Structures are given as C-alpha cells and as structure tokens.
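Inside the fold
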Amino acid sequence: MAKTATGAKALQPGMAGFAGDWSSDQRAFKNVHWGKAMMWIFLLSDTFIFSCFLLSYMTVRWSTTVPWPNPSEVFGLSVGGVEVPLLLIAIMTFILISSSGTMAMAVNYGYRKNRKVTTYLILLTALFGASFVGMQAFEWSKLIHEGVRPWSNPFGAPQFGSAFFMITGFHGFHVSIGVIFLLIVARKVWRGDYDRGDRGYFTTMKGGYEHVETMGLYWHFVDLVWVFIFAFFYLW
Amino acid sequence: MSDITQDDVGYVAPAENAEQDLYHPKSWITKYVFCQDAKVIAIQYASTAIAIGLVALVLSWLMRLQLGFPDSFSFIEPADYYQFITAHGMIMVVYLLTALFLGGFGNYMIPLMVGARDMAFPYVNMVSYWVYLTAVLVLIASFFVPGGPTGAGWTLYPPQAILSGTPGSDGGIILMLVSLALFIVGFTMGGLNYVVTVLQSRTRGMTLMRMPLTIWGIFTATVLALLAFPALFVGAIMMLLDRILGTSFFMPSIVELGEHLSYSGGSPILFQHLFWFFGHPEVYIVALPAFGIVSDLIAVHSRRHIFGYRMMVWAIVIIGALSFVVWAHHMYVSGMNPYFGFFFATTTLIIAIPTALKVYNWTLTLWKGNIRLNTPMLFAIGFIVTFLNGGITGLFLGNVAIDVPLSDTMFVVAHFHMVMGVAPMLVVFGAIYHWYPLITGKMYSEALGKFHFWVTFLGAYLIYFPMHYLGFVGVPRRYFELGDTQIFTESVGQLNAFISIMTFIVGFAQIVFFYNMFRSYIVGKKSEMNPWGAASLEWMTPEMPPGHGNWGKSLPLVYRWAYDYGVPGARDDFIPQNMAPKDVPMEKKARKSTRKRKS
C-alpha cells in the first residue's frame, strides 16, 4: 500500500480498498483520528435513541383513542391578521440548516488554519443554534399559554403534548449542548490552542483542528435529526 | 491462520498512530481514585460490580427463604418479596454482569490484548466509572426511600410498575429509572472507548483477525450495548414522564380501586417492545464476552489453537447481529400479533446454528489437547456444559407452542439462570483465576480454587436442575407462596426447600473464593511471568502486573495470531504473538516439517 511522507496511508478506492483497510493492522478507518471515529459511533448510538423516540411517538399516535390535533393549525402563527401555518417552524428549520452550512465552512477554514474566519464561522453557527433554541422556547411558551401540557391539551389526544415536549425537548437539549461546545471550540480556535497543541483543561490531551470537524459532525447530526422531527411531527 | 509462519518474512507495517499521550498521575488521588489508567478503572468497575452483586446474592437468599420455607419467616412480607426479585434481577443483569464483563474485563484486557498503552480516551473512561458508581448509589438509595425499592419485577412492565398497588411505586421506581438512565450514560462513555480502541489503536501487526477471541467477544458485545441500550434509555425516560408528569405513553385508561385514573390511550406493549429490544441483545452483551473469554481459557489450558478461529469470530458477529431481530420471543403471551410469533420463533431458532458451532469448536479444541485440569480450565469446561444445557432449554422456550404453557413457570427461571446466570458467572470465575497472576503478580491457591469450582458447579446444578422439573409440573414464577394449592404434591414443597438449602451452601462457598483472592494477594507466592505459557499479548508486558502505559519503552510488534500452541518444529509448546519468526527457538531436527502448509 502506498504511503505518503507523513505516514498517512494513501487510500485505495473500491471494495479492495475497503477489505484492505479492515484486514490491516492498527486502524480499521485509515487516516481517521480517534475523536472522529468516536463521534461517528456515538452518533450511531444517538440515532437509535432518536429512532426509538420517533417510533414511540408513532405508536402512541396510533394507540390513542382521541383524534390527533392538526399540527398545521396548532403550530400556525397569525401575522397581520393572516394565519400562516408552520411559519415559526419553517424559520427555525431554515436557520438550523443554514447553521449547518456555516459549520461546514468553519471546518474547511479550520483545516486551512485560518483562525479568524474559523472563529467567526463557529460563532455564527452558535448564534444560529442559540436563536433556534430561543425560538423553540418561544414556541413552547406559546403552546403552554394555549393550554398545552405534557398530560393534556385542548386540541385532542393528550399524547400530542407528551410527544411534542419530550421530542423537541430532547432535541433542543442536544442543540443547547452543541451551542455550549461550539463556544468552547470557538474560544480554543481564537486563542490558537489548536495551532500550538495546547492541552485541554479536563482531558489534559492535546487538541488540533480535527476537533472542529468532530464538532461539525455532531452539529450536522443534530440538524439531520431535526429534519426527521420536522417531517414526522410537524408535517404529518 | 494456522499456517506456520516461521519461514515467512516477518514484515510489520510502519506505525500509523502517533505514540499515545498519557496522563501521568502526580498524586495518590489521581493514581488510585480519579484514575485515568484503564487497569485501575477496570478494578474499580469490577469491585463495585462484585460488591453490588453480593447484595443481589443476599436478596436471592431472602427469596429462597420464603420459597423454601413459606410461613416461617414473618419478616418477609409479599411486598418485600417482589422488591427482592426486582432488585436481584436488575442488579445481576445490568449492574453486575454488564459492568463486570465490559467495564471490568473490557477495560483491563482490551488495551493489553491489542497492544495499546491505554484506552483511546482515558479521561472519558474515568468519567464512565464515576457515572456508573453514581448509578449504583442511586439504586442503593432506592432501598432507603419511603415505600422502598420498586417491586415491579426486573422487566418493569407498565402499567403495574407505576400504579400504587405495586411496592415501591412512590420513590423506588423513580430512582430505579434514574439509575438505569445514568448507567446507560456512563456505559456509553466507556463503550465508545472500547470500540474506538479496538478499531483504531491496535499495535503494529495486530490485525482484527489476529485478535484473541476475548477481544472479539467484548468488542461485539459493546457494539450491541451501544445500539441496544438506547431503547431502554428511551423507555426509562418515557416511564419517568408517565410517573412524574402524568403523561400516557405506556398507560391505557385504567380504573384503580374504583377510581378512574387520568391516564388514557397509551400503549403498554410499546414498553415491552422497547424493553426487549434492549433486553435480548443484553443476553448476548453478557454471553459474547463469556464466549470469547472461555475460548481463550480453553486454548491456553489445553495447549491447542482454538479450532476454527475464523468461524468463531464470524459466529460471534452473526450471533450479535441476529440478537437484534429476536426480541419479541419474550413476548409470545403479551397479546401481540400471533404472526409475529412465527417470525421471532424462526429467527430465535436460527441463532442456535452459530451457537452450536461455537460449542462444537470448543469441544474440538479440547479434542487431543494437552488438557491441564486447573481451576480456570475446570470453570471453562463447566461453562460449556452449563451453556449447552441452558441453550437446549432455550430451544423449548423459543417455540411458541411450547413456550405458551411454560411461560411464567419455574422452567423459565431455570432456563435463564442456567444460560445467563450460572454460565457467565462460571466464566467470570475462570477468568479471574486465569488472569489473577497477571493482575496481582501473585498465584492463588489451586486447592481452594478447585474446591470453589466443585461446590459452585455441582451446587448450581442442584439448584437449577430441579427447578426445570418444578416448571414442568406448573409451579409459577414470581409467586410469593403457593399456599394450599391442590395441584401441587408435597414433593414440590420439599424440592423447593432442597433448592433453598443448596443456595445457601453455594452462596457461602463463595467465601472460599474471596478468602483465596485476598489471602493470595497478601501472602500468596509470587507468580512467574506468564505462568500459563499463554501466547496472547497481555502476558508479554515487561513487568507483571503491567505498569502505567503497559509496554515500557516501545509498543510490541505482532507477528502472528494469539493461538500458536504446539506448533510443529518449535521448541516450546507456544509462540508468543510478539515473537518475530526469526527469533522462534526451533528443534533442529524438525526443520523440514515446518514448511508452510496449505490452509
């Protein structure tokens, strides 16, 4: 197998390359650093969590005897006297997907070691994420004002409120954690920790710009999960 | 794999991973308490798991007191009995066996056996243990809240788990669910470590197909756990919401004590699906590490390479994959669609094929082996027999038509205790004896070890064999007492009393084990390096017990698989994994016969 000067393996394409990587020693995923491998495996596990949440939501939607509320009406906003269905959700979705774009750009600039632009892009991503959570808080308070509770709601099946608060809450929790870590990563990029290989405060391990990519994986995942929640909860 | 490689050029690929950056402890606290060394974390995990396991052992005694001698012990109320059952089951399955195999043996063996200095993320690994300990403490706390621990049975089926008629429905069930959620969070941190370490930080020359089967078992089990625990996590969260906020995920419309509760429209069977989507892979999370470890014990102590290594690896992987599509065989009587039963019975019985393959291969490894009947080997052979027994009763229960009458009888209790209680525990004991010299540097007392084996092994059979019979005559499980039931003869009561006495004998015999471990640690004779003549990498450390960073100056290079025992032409009856072909001491005369054999 050909090797580059840095010891990183030149990857072979196709099934032969796949078989070669997995039957080799040391690493099954060549040129993938440990943190990135860990994030992928964690996300696989997290996928099962969100899948279980969504499947459970579908099951109770089917098992409940009371009609399911119409999400288009419940999640509508009245703008200047006109009822616009799903307006807030549409904005939230747009913002979250945009944040994935800025995150991808941040990863790119990170690998180019452009500290300044990377920091700005990560901060912009965090800002998008925070405004998503903010709008979700607005949506929650609006629904709570209208009498929606986890155990009952004026629109129909009580499971509507239960599933809504549980699933969007769990997703919002993921976004919030993501925003916190984005801010931490942004600070590290800004200070130049990744250029110098400074040690982390807790882990005492050296970090590099791969951390931005690992962070990006998590962020894209949270975004992707939202697409499924949007499709199965709001549009269905 | 069994090719004789002496004449091959010992090529080892250049290093891809940078030398691992380790945290070097500076104080006693960071060395022994908040420690990032996987070996110390392993011992912390194992000690905590065994300690809580002893609580579960005492709980099982209390249950057996009631079952064996009803009406004799007034301090055991029906509610207590259900609390004992629940806590015993939950502790044994989750907090003891899962934590011991993956957190204990996984942490100790993975870095050593794949030739790494430590786990990939030592800090996360440390946090994993402390979250696990918190989960155990929360579980213990549930014994001291008003109403006591939950008595819902270890499966925690709603609606009864959170209704007021069930013991511990005040605080007990809440703490149980919180504890489970914490356990899963902690385990996920550890599990990510185990998987990444195996996949990404093996030493030079250590290919996946040169790993000892112990690592294959632990690795596959960890993958299963990472994908199965999410279902339990979600189930626990939803049940917490049902219990605390009054949502109705699992709760149908219910009348309790003449009062219509506010629940409506939930699906109790949804919880069963979530629980068993976790619960069945859980069986293999416990069994696969046991399979792996026992393969290594048998190979080492019969001085023979494991028969059919590749098949053994693929059997582990296939069993792991199949374990995700059999869960509803626990639910034949749950009222689910009967057509599901056909599907799940079929997939369940298919698992018998790779499992039987493993049992045959263990037997064929023993065949014509140079068997040393020392304590680890006795436990390993005990495991094969016990697992075979438990597996055969599994064929009964896997079939819908036979399962329906046997469901909820003592037969089920006997089956799963045989297959996932006794069998894995025998492997745990065997593994502890086998690796005791490595971990402590001392040798245990062989006589006490053998005594421990025979009492435990024969005792376990005397406990669980009669229980099958009780199940056949229809004795139900989870009953506080049988009372004046006419259909049961007097012999049922006598058998129950006999079983209870045996549990006390076997339980107390474990004192011999602990005495042996502690005494040998203090006054035992120092063990030589690699006392068993094992070929796998964990015995090749420069010091024994291995020091911080495991390998001294440089990482080992691996040239062969872990099972080069009795290689023709070689002088010794084993060749260590890290011995270069040119360094292997040969018998001069036999030189010709060492030519490469066609596989």
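Residues numbered from 1 in each chain as written. Chains lettered and ligands numbered in written order. Predicted model: local features only at pLDDT ≥ 70, side-chain atom pairs only at ≥ 80, totals over all residues.

**Digging into the overall build of chain A**
The helix and strand tally for chain A stands at 8 helices and 2 strands. Taken from N to C terminus, the helices and strands of chain A fall in the order α-α-α-β-β-α-α-α-α-α. A principal-axis box enclosing the C-alpha atoms of chain A has dimensions of 65 × 40 × 30 Å. Relative to its full complement of 236 residues, chain A shows a buried share of 34%. Of the contacts made within chain A by residues no fewer than 6 positions apart, 65% connect residues no fewer than 24 positions apart. (Helix = DSSP H or I, 4+ residues; strand = E, 2+ residues; numbered from the N terminus. Buried ≥ 20, exposed ≤ 12 C-beta atoms within 10 Å, placed from the backbone. Contact = placed C-beta atoms within 7 Å.)

**Quick notes on the overall build of chain B**
Along the backbone of chain B there are 14 helices and 2 strands. Against the compact-globule benchmark of 25 Å for 599 residues, chain B has a radius of gyration of 25 Å, which places it among compact chains. Across chain B, every contact between residues at least 6 apart in sequence was considered, and the portion connecting residues at least 24 apart equals 81%. (Rg over C-alpha atoms; globule rule 2.2 N^0.38 Å.)

**A closer look at the interface of chain B and chain A**
Every contact between the two is made by 44 residues of chain B and, on the other side, 39 residues of chain A. At the level of elements, α5 (172-200), α6 (213-244) and α7 (268-301) of chain B are the ones that each hand at least two residues to the side of chain B that touches chain A. Counting residues per element, the side of chain B that touches chain A draws most heavily on α6 of chain B, at 8 residues. Per-class residue counts for the side of chain B that touches chain A are 26 nonpolar, 14 polar and 4 charged. (Nonpolar A, V, L, I, M, F, W, Y, C, P; charged D, E, K, R; others polar.)

**Points about the environment of T155 of chain B**
Relative to the helices and strands, T155 of chain B is located in the loop between α4 (122-141) and α5. With 96 residues separating them along the chain, T155 of chain B and M251 of chain B place their C-alpha atoms 16 Å apart.

**Looking at the domain arrangement of chain B**
Residues and elements named next belong to chain B. With domains assigned, chain B is organised as domain 1 (31-207), domain 2 (373-527) and domain 3 (533-599). Spacing between the C-alpha centres of domain 2 and domain 3 amounts to 37 Å. Contacts between the two partners involve 4 residues from domain 2 and, on the opposite side, 4 residues from domain 3. Taken together, the residues of the side of domain 2 that touches domain 3 break down into 2 nonpolar, 2 polar and no charged. (Domains from an automatic or database assignment.)

**A few points about α7 of chain B**
Residues and elements named next belong to chain B. Here α7 is 34 residues long and its end C-alpha atoms lie 49 Å apart, about the 50 Å a rise of 1.5 Å per residue gives. Along its length, α7 shows its largest kink, about 25°, at W276. With 31 of its 34 residues buried, α7 lies for the most part within the structure. Just past α7, the residue R303 takes up positive phi, approximately 50°. (Expected span 1.5 Å × (residues − 1). Bend = angle between axes of the 7 residues up to and from the residue.)

**Some remarks on the environment of I110 of chain B**
All names here are of chain B. Take I110: it is sitting in helix α3 (residues 78-114). In this structure the C-alpha to C-alpha distance between I110 and Y194, which are 84 residues apart in sequence, comes to 7.1 Å. Among residues more than four places away in sequence, those in contact with I110 are Y194, T197, V198, I215 and I218.

**Regarding the packing of helix α8 (residues 309-322) of chain B against helix α9 (residues 338-366) of chain B**
Residue and element names in this part refer to chain B. Orientation of α8 relative to α9, taken along the N-to-C sense of each, is 155°, at an axis distance of 9 Å. When the interaxial angle is binned, α8 and α9 end up roughly antiparallel. Between α8 and α9 the crossing geometry is left-handed. Contact with α8, carried on its side by M311, M312, A315, I318, I319 and L322, involves T347, I350, I351, P354, T355, L357, K358 and N361 of α9 and no other residues of that element. Within the contact of α8 with α9, the residues separate by chemical class into 10 nonpolar, 3 polar and 1 charged. (Axes fitted to C-alpha atoms, helices over the stretch in contact; angles between N-to-C directions. Parallel < 35°, antiparallel > 145°, perpendicular 65-115°, else oblique. Left-handed = near helix turned anticlockwise from the far one by under 90°.)

**Quick look at the packing of helix α6 (residues 158-191) of chain A against helix α8 (residues 210-234) of chain A**
Residue and element names in this part refer to chain A. Following both chains from N to C, one finds α6 and α8 inclined at 160°, their axes separated by 10 Å at the closest point. Here α6 lies roughly antiparallel to α8, going by the angle between them. The element α6 and its partner α8 pack so that their crossing is left-handed. Across the interface between the two elements, F164, I167, T168, H171, H174, V175, G178, F181, L182, V185 and V189 from α6 touch H211, V212, M215, Y218, W219, V222, V225, W226, I229 and F233 from α8. Its residues placed into classes, the contact of α6 with α8 shows 16 nonpolar, 5 polar and no charged.

**Some thoughts on α8 of chain B**
Residue and element names in this part refer to chain B. In this model α8 runs 20 Å from its N-terminal to its C-terminal C-alpha over 14 residues, within 8% of the 20 Å that 1.5 Å per residue would give. Taken as a whole, α8 has its buried residues at Y309, M312, V313, A315, I316, I319 and G320. The arc that holds every buried residue of α8, seen down its axis, measures 160°, which confines them to one face. (Arc of directions from axis to C-beta.)

**A few points about the confidence of the model for chain B**
Mean pLDDT over chain B: 93, with 97% of residues reaching 70 or higher. Summarising per-element confidence for chain B, the mean pLDDT is lowest in helix α1 (residues 28-33) of chain B (89) and highest in α6 of chain B (97). (pLDDT = per-residue confidence, 0-100.)

**Thoughts on unusual backbone geometry**
Backbone torsion omega between P158 of chain B and P159 of chain B reads 0°, so that peptide bond is classified as cis. As for its placement among the helices and strands, P159 of chain B is situated in the loop between α4 and α5. Residue P545 of chain B is bonded to the preceding M544 of chain B through a cis peptide linkage, with omega at -5°. Residue placement: P545 of chain B occurs in the segment after α14 (490-523). Its identity is not glycine, yet L86 of chain A carries a phi of approximately 55°, on the positive side. Locating L86 of chain A in the fold gives a position in the loop between β2 (82-84) and α4 (87-111). Positive phi, normally seen in glycine, also occurs at K368 of chain B, with a value near 60°. Structurally, K368 of chain B is set in the loop between α9 and α10 (375-398). Assessed through the 10 C-beta atoms surrounding it within 10 Å, K368 of chain B is described here as exposed.

**Considering the environment of R478 of chain B**
Residue and element names in this part refer to chain B. With respect to the secondary-structure elements, R478 resides in the loop between α13 (446-472) and α14. C-beta crowding within 10 Å serves as the criterion here: with 13 such atoms nearby, R478 is assigned to the partly exposed category. With 68 residues separating them in the primary sequence, R478 and M410 have C-alpha atoms 8.7 Å apart. For R478, the contacting residues outside a window of four places in its chain are I85 and G153.

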